[in-house]
Amino acid sequence: MIEYENLKKLNLAFEKNFKEEFNLFLDSGWYILGDSTKIFESDFAKYLGTSYCVGVGNGLDAMVLAIEALDLPAQSEIIVPSNTYIATILAVLKAGHIPVLVEPDINTYNIDPIRIRENLTKKTKALLIVHLYGKSCEMDSILDIVKDNGLFLLEDCAQSHGAEYKGKKTGTFGIGCFSFYPTKNLGALGDGGAVVTDDGRINIKLRALRNYGSEKKYENILVGINSRLDELQARFLNVKLRFLDQINGHKRKLASIYFENLTKELILPAVDPNYFDVYHIFNIRTNKREQLKEYLLANGIKTEIHYPIPPHKQKAMQGILNSSFPISEEIHKTTLSLPISYFHSEEDVFYISKIINRFFT
Ligand SMILES: *Cc1c(COP(=O)(O)O)cnc(C)c1O
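Keep in mind that this is a model prediction, so the values were computed, not measured. (Residues numbered from 1 in each chain as written. Predicted model: local features only at pLDDT ≥ 70, side-chain atom pairs only at ≥ 80, totals over all residues. Heavy atoms only, no water.)

## Considerations on the nonpolar core
Step number 1: Grouped together as the largest cluster of nonpolar side chains are 32 residues, with contacts concentrated most on Ile67, Ile78, Val80, Leu128, Leu154, Ile175 and Leu206.
Step number 2: Listed by contribution, the elements that provide at least two residues to this core are strand E1 (52-56), helix H4 (59-68), strand E2 (77-81), helix H5 (87-94), strand E4 (124-130), strand E8 (175-179) and helix H8 (200-209).
Step number 3: Examining the composition of this core, we find that 6 residues originate from one element, H4, more than from any other.
Step number 4: Of the domains in this structure, domain 1 (7-241) and domain 2 (244-360) are the two that each give at least three residues to this core.
Step number 5: Counting 24 residues, the second-largest nonpolar core is a separate cluster that includes Ala255, Ile257, Leu262 and Phe359. (Core = buried A, V, L, I, M, F, W, Y, C linked by side-chain atoms within 4.5 Å. Buried < 20%, exposed > 50% of the residue type's maximum accessible area, 1.4 Å probe, protein only. Helix = DSSP H or I, 4+ residues; strand = E, 2+ residues; numbered from the N terminus. Domains from an automatic or database assignment.)

## Quick word on the site of the ligand
Step number 1: Residues in contact with the ligand amount to 14 residues; listed here are only the nearest, Gly59, Asp156, Gln159, Ser179 and Lys184.
Step number 2: Leu60 is positioned such that a nitrogen or oxygen atom in its backbone is 2.9 Å from an oxygen atom of the ligand.
Step number 3: Here an oxygen atom of the ligand and a side-chain polar atom of Lys184 are 2.7 Å apart.
Step number 4: The fraction of the free accessible surface of the ligand (390 Å²) that becomes covered by protein chains is 90%.
Step number 5: Its atoms largely coinciding with the cavity grid, the ligand occupies the largest pocket.
Step number 6: Top contributing element to the shell around the ligand by residue count: H4, with 3 residues. (Near = heavy atom within 4 Å. Polar contact = N/O pair within 3.5 Å; in protein donor to acceptor, adjacent residues only side chain to side chain. Areas by Shrake-Rupley, 256 points an atom, 1.4 Å probe, with all protein chains shown as cover. 1 Å grid on protein atoms, 1.4 Å probe; cavity = no way out; pocket = protein on both sides within 12 Å on 5 of 7 lines; lining within 4 Å. Sits in = over half its atoms within 2 Å of the grid points.)

## Focus: the pairing of strand E9 (residues 193-197)
Step number 1: For E9, a buried count of 5 out of 5 residues is recorded, marking the element as mostly surrounded by other parts of the structure.
Step number 2: Residues Gly193, Val195 and Thr197 line one face of E9 and the alternating positions Ala194 and Val196 line the opposite face, and both faces are buried.
Step number 3: Bridge count for E1 against E9 is 5 bridges, and the pairing is antiparallel. Counted as the bridge partner of Gly55 is Ala194 from E9.
Step number 4: Where E8 meets E9, 4 bridges bridge the pair, whose relative direction is antiparallel. Looking at E9, one finds that Gly176 is bridged to Val196. (Pairing = 2+ DSSP bridges.)

## Details of helix H10 (residues 244-261)
Step number 1: With 18 residues, H10 ought to run about 26 Å at 1.5 Å a step, and its terminal C-alpha atoms sit 26 Å apart, in line with that.
Step number 2: Listed as buried for H10 are Leu244, Ile247, Asn248, Lys251, Leu254, Ala255, Ile257 and Tyr258. (Expected span 1.5 Å × (residues − 1).)

## With respect to the domain arrangement of the protein chain
Step number 1: When its domains are assigned, the protein chain resolves into domain 1 (7-241) and domain 2 (244-360).
Step number 2: If you average the C-alpha positions of domain 1 and of domain 2, the two centres end up 24 Å apart.
Step number 3: Counting residues at the interface gives 41 residues for domain 1 and 35 residues for domain 2.
Step number 4: Carbon and sulfur atoms make up 63% of the area that domain 1 and domain 2 hide from each other, which totals about 3500 Å².
Step number 5: In terms of surface lost to domain 2, no three residues of domain 1 exceed Tyr109, Tyr133 and Asn185, which account for 21% of the buried area on that side.
Step number 6: Counting across the domain 1 and domain 2 interface gives 1 salt bridge.
Step number 7: Notably, a salt bridge pairs Lys135 with Asp277, separated by 2.9 Å at the nearest N-O pair.
Step number 8: Where domain 1 meets domain 2, there are 20 residue pairs in polar contact (both at pLDDT 80 or more). (Contact = heavy atoms within 4.5 Å. Buried area = accessible area lost by both parts, 1.4 Å probe. Salt bridge = Lys/Arg side-chain N within 4 Å of Asp/Glu carboxyl O.)

## Points about the layout of surface pockets
Vacant regions in the atomic arrangement are exposed by a probe of water-molecule size rolled over the atoms.
Step number 1: Reported here for the largest pocket is a volume of approximately 680 Å³.
Step number 2: Lining the largest pocket are 31 residues, and of these Tyr85, Tyr181, Thr183, Lys184 and Tyr307 lie nearest its centre.
Step number 3: Of all the elements in the fold, those that place two or more residues in the lining of the largest pocket are H4 and H5.
Step number 4: Tallied by class, residues from the lining of the largest pocket come to 14 nonpolar, 11 polar and 6 charged.
Step number 5: Counting contributing residues, the lining of the largest pocket receives three or more from each of domain 1 (7-241) and domain 2 (244-360).
Step number 6: There is about 410 Å³ of room inside the second largest pocket. (Points joined across faces, edges and corners; volume = space filled by probe spheres on them. Nonpolar A, V, L, I, M, F, W, Y, C, P; charged D, E, K, R; others polar.)

Below is the structure:
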């Protein structure tokens, strides 16, 4: 059986380091907002090439707090992709604003800049884009839109740790919001998240917002929440960060084997020299998705669907998001995610490719 993901196996290579870190953590007696979080914040900012990083509790909070730090007028419109994990849209709603969904480019699955322009109104104050599956959005056009219209730019980088557009890392174009959920390319052993920015004032605000709105103990300057990256997760992330390029490199190698071997009957991810993709997810598209998924399972290969139901079709969004989004729906109907974890071998991917090709002959 080739599993789609197995976190125990994924983290096996780091277990020795994790155990050492756990012992150091226990010895230190310091559990929240200490040196390990500071080291992670500083090293992750350095890795990305940005000035500041603020560790928070998870990816959703990273986005909610980043939006709140902008101090937008209540019920501002924030443009988000229709093709995303629901967290992106929830963040806008939780921060008290209106998510305006914009369809993706069918070739990249990421938000379509032409359609962003079509959806701008006087109430639009920010874009919250998502670098889905580990591929950057088309940043030249997006940065033009931001500049032309005086908007804020937020990036959901939950799937794009280390991904680049024209040599610049995602998360450094605007305010970058990261999740360290265990399955992500940079994954903790629990929940974790971070916001990165070059703006010193946003940095200071975020540090207060994540900690009850407090800069100084028992003095509250903002209406904050409790969402702090904890020391143990920061320690695990400090280990993992040193291997992030290696993890991404392995996933890129596996992707290259898929590209070389998979039948042209499938729609494969777009490849473009301007984009350094990190393949958080390697998705293919086919009208025979359900049959292929079953065939693979019968041959001992597990796959996933990211995602089976688009956000605007979720029950929770009834009466909130009501338009139809045919491009997103088409993607949700035809997409299938193939195994591409750090623990998968090149042989696994050759085998998976062979079985897929056999399905089509
Ligand atoms: C995982 C993910 C999130 C949420 O991150 P959490 O840490 O689970 O809150 C947000 N957006 C996208 C695109 C994701 O893949």
